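A structural walkthrough
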Amino acid sequence: MIDVQTKLVGLLGFPLGHSLSPVMHNEAFRRLGLNFHYLPIQVSEAHLKTVVAGLACMNFAGYNVTIPHKIRIMGLLDAIDDQAEAIGAVNTVVIREGRATGYNTDGAGYVRALETEGGIVVEGRKFFVLGCGGAARAIAMTLAFKGAREICLCNRTLAKAHDLAAEIDTRVRSCCRVAPMESAAMTAAVARSEVLINTTSIGMHPHEDRLPIEAGMLHRGLIVSDIVYNPSKTRLLAEAEAAGCTIVPGLGMLVHQGVEGFRLWTGLDPPVAAMFAAARERLGSF
Ligand code: ATR
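First things first, this report covers the structure right here in the doc.

Rules of the game
Residues numbered from 1 in each chain as written. Predicted model: local features only at pLDDT ≥ 70, side-chain atom pairs only at ≥ 80, totals over all residues. Heavy atoms only, no water. Buried < 20%, exposed > 50% of the residue type's maximum accessible area, 1.4 Å probe, protein only. Helix = DSSP H or I, 4+ residues; strand = E, 2+ residues; numbered from the N terminus. Pairing = 2+ DSSP bridges. 1 Å grid on protein atoms, 1.4 Å probe; cavity = no way out; pocket = protein on both sides within 12 Å on 5 of 7 lines; lining within 4 Å. Points joined across faces, edges and corners; volume = space filled by probe spheres on them. Contact = heavy atoms within 4.5 Å. Salt bridge = Lys/Arg side-chain N within 4 Å of Asp/Glu carboxyl O. Axes fitted to C-alpha atoms, helices over the stretch in contact; angles between N-to-C directions. Parallel < 35°, antiparallel > 145°, perpendicular 65-115°, else oblique. Left-handed = near helix turned anticlockwise from the far one by under 90°. Nonpolar A, V, L, I, M, F, W, Y, C, P; charged D, E, K, R; others polar. Expected span 1.5 Å × (residues − 1). Near = heavy atom within 4 Å. Polar contact = N/O pair within 3.5 Å; in protein donor to acceptor, adjacent residues only side chain to side chain. Core = buried A, V, L, I, M, F, W, Y, C linked by side-chain atoms within 4.5 Å.

Of all six residues in strand S3 (residues 60-65), six are buried; the element is thus mostly enclosed. Where strand S1 (residues 7-13) and S3 come together, five bridges link them in parallel fashion. For Val 9, the partnering residue across the bridge sits in S3 and is Gly 62. In this structure, S3 lies alongside strand S5 (residues 92-96), joined through three bridges in antiparallel fashion. The residue bridging Tyr 63 from the neighbouring strand is Val 93, located in S5.

Structure below.
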């Protein structure tokens with residue numbers, strides 16, 4: 001029941017297509033008996049400033065931010081958390097007494113999924129990251145913060161890999177390398193890595209047959225994770241499983257970034273399994 005006491009949470013983006021966040025959070029609120037409700041809020045870039053100012057004056061506990069507002073919103077908030085500042089993007093905003101603070105839970109969500117489903121800790125490990133867009137920035141910065149020994153960045157546009165590597169090395173710790181796509185350096189870096197992460201959209205529905213790297217490069221014992229969650233098992237993950245790798249599907253990152261947001265808004269630990277189940281069911285209906 002939505003009433004005058006209800007705390008609202010929303011998702012700001014444009015255009016808003018299918019999203020798993022409303023069902024995932026509303027199920028968690030329901031299970032914990034919290035008078036909260038999550039709703040999608042489609043906002044164009046032209047109206048973002050007005051909406052952000054308005055939400056801070058209303059009964060909103062906060063909101064998520066998605067494409068295309070994750071960077072621009074940073075200039076509209078009252079404060080930015082240090083990690084979100086380093087990542088250069090905000091995906092979660094908390095409103096307290098009319099003040100809006102920006103966080104980034106994408107990297108933390110990814111690491112939590114990797115730890116729980118891949119069964120490893122980040123500290124001291126060697127990572128290979130395919131792609132250097134917004135998701136890769138959040139993930140690679142967080143891996144560096146968490147003590148990764150080496151992060152090899154590989155991107156179609158090589159300059160972006162160099163820029164991100166330099167930024168992580170200066171802001172966090174010197175731990176990055178760069179490998180051009182389809183190079184001998186790339187093959188060597190994958191062979192040396194313990195965890196391979198696909199952050200590109202290659203393999204996403206409706207192009208399920210595509211692979212971001214050659215299957216022959218996957219070696220037994222490698223942990224392979226894909227941030228693509230539709231399909232739930234991408235071709236990369238299927239090939240990796242066949243090659244004897246441990247796989248970490250993309251839904252975990254999506255759910256765990258939400259788990260971190262839920263904690264920030266409510267101060268409570270959400271029922272993670274129920275959030276996974278709600279997200280899986282919704283995904284099945286797309
Ligand atoms: P996101 O926020 O999801 O990370 P993004 O910022 O648009 O999205 O980044 C997409 C990443 O996937 C980029 O690294 C992009 O490579 P470029 O920097 O060269 O554009 C990569 N990517 C997307 N489609 C690709 C393709 N067909 N082949 C290789 N890389 C691709």
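So that's the structure; there's more coming.
Below, the discussion takes up empty space enclosed by the protein. A probe matching the size of a water molecule, rolled over the atoms, marks out where space remains unfilled. Overall, the coordinates contain one cavity of 30 Å³ or more when judged by the stated rule. The space that makes up the largest cavity amounts to roughly 30 Å³. Around the largest cavity sit Tyr 110, Ala 113, Ser 225, Asp 226, Ile 227, Val 248, Pro 249, Gly 250 and Met 253, which together line it. Mapped onto the lining of the largest cavity, the elements with two or more residues apiece are helix H4 (106-118) and strand S11 (223-226).

When you line up the elements, Lys 126 lands in strand S7 (residues 126-130). Contact partners of Lys 126, with chain neighbours within four places excluded, come to Arg 149, Glu 150, Arg 192, Ser 193, Glu 194 and Val 195.

We now examine the pattern of salt bridges. Opposite charge on two side chains allows them to pair when their charged atoms are near. The final tally for this structure, using the stated rule, is 13 salt bridges. The partner of Glu 27 in a salt bridge is Arg 31, with the nearest N and O atoms 2.8 Å apart. Of this pair, Glu 27 and Arg 31 both sit in helix H1 (residues 21-32), four residues apart, which is roughly one turn of that helix. A relative accessible area of 52% means that Arg 31 is categorised as exposed. Of the charged contacts in the structure, one is a salt bridge between Asp 106 and Lys 70, with a shortest N-O distance of 2.9 Å.

Bringing the packing of H1 against helix H9 (residues 251-266) into the picture now. Running from N to C, H1 and H9 cross one another at 50°; their axes reach a closest spacing of 11 Å. Taken together, H1 and H9 sit at an angle that is classed as oblique. Seen from above, H1 lies across H9 with right-handed handedness. In this structure, H1 contributes Ser 21, Met 24, His 25, Ala 28, Phe 29 and Leu 32 to the contact, and H9 contributes Leu 254, Val 255, Gln 257, Gly 258, Phe 262, Trp 265 and Thr 266. For the contact of H1 with H9, the class distribution of residues is eight nonpolar, five polar and no charged.

Our next topic: helix H10 (residues 272-284). Here H10 contains 13 residues, and its C-alpha end-to-end distance of 18 Å stays within 8% of the 18 Å for a straight helix at 1.5 Å per residue. Within the span of H10, buried status applies to Ala 274, Met 275, Phe 276, Ala 278, Ala 279 and Leu 283.

Taken together, 13 residues are adjacent to the ligand, and Cys 132, Asn 155, Arg 156, Thr 157 and Lys 160 come closest. Ala 135 has a polar backbone atom sitting 2.9 Å from an oxygen atom of the ligand. Split into classes, the residues belonging to the shell around the ligand amount to three nonpolar, seven polar and three charged.

A sheet is described by the order of its strands in space; here six strands give the open sequence S9-S8-S7-S10-S11-S12, paired in parallel fashion. The open sheet has two free edges, formed respectively by strand S9 (176-180) and strand S12 (246-248), since each of these has just one partner strand. Strand-to-strand twist of the sheet, defined as the mean angle between neighbouring strand axes without regard to direction, takes the value 20°. The pairing of strand S10 (residues 195-198) with S11 spans four bridges and is classified as parallel. Following the sheet pairing, Leu 196 is matched in S11 by Val 224. Packed on one face of the sheet, H4 meets S7, S10, S11 and S12 and runs near 145° to S12.

Within the largest apolar cluster, 33 residues are counted, with the highest numbers of intra-cluster contacts made by Tyr 110, Leu 114, Leu 143, Ile 151, Leu 153 and Ile 197. Where this core is concerned, the elements lending two or more residues are helix H3 (82-87), H4, S7, helix H5 (134-145), strand S8 (150-155), helix H6 (158-171) and S10. The biggest single contributor to this core is H5, with seven residues. With residues up to four places along the chain from it excluded, the contact list for Tyr 110 reads Ile 139, Leu 143, Val 195, Ile 197, Ser 225 and Met 253. Among the nonpolar cores identified, the runner-up in size contains 21 residues, and Phe 36, Ala 61, Val 255 and Val 259 belong to it.

Let's shift gears to the environment of Thr 170. Mapped onto the secondary structure, Thr 170 falls in helix H6. Here Ala 166 takes part through its backbone oxygen, which lies 2.3 Å from a polar atom of the side chain of Thr 170.

We now examine the packing of H5 against H6. Working note: a packed helix pair is described by the angle between its axes plus the distance between those axes. Look at H5 against H6: their axes get within 10 Å of each other, and the N-to-C directions meet at 30°. Classified by the interaxial angle, the pair formed by H5 and H6 is roughly parallel. Of the two elements, H5 crosses H6, and the hand of that crossing is right-handed. Contacts from Ala 136, Arg 137, Ala 140, Met 141 and Ala 144 of H5 reach H6 at Leu 164, Glu 167, Ile 168 and Arg 171.

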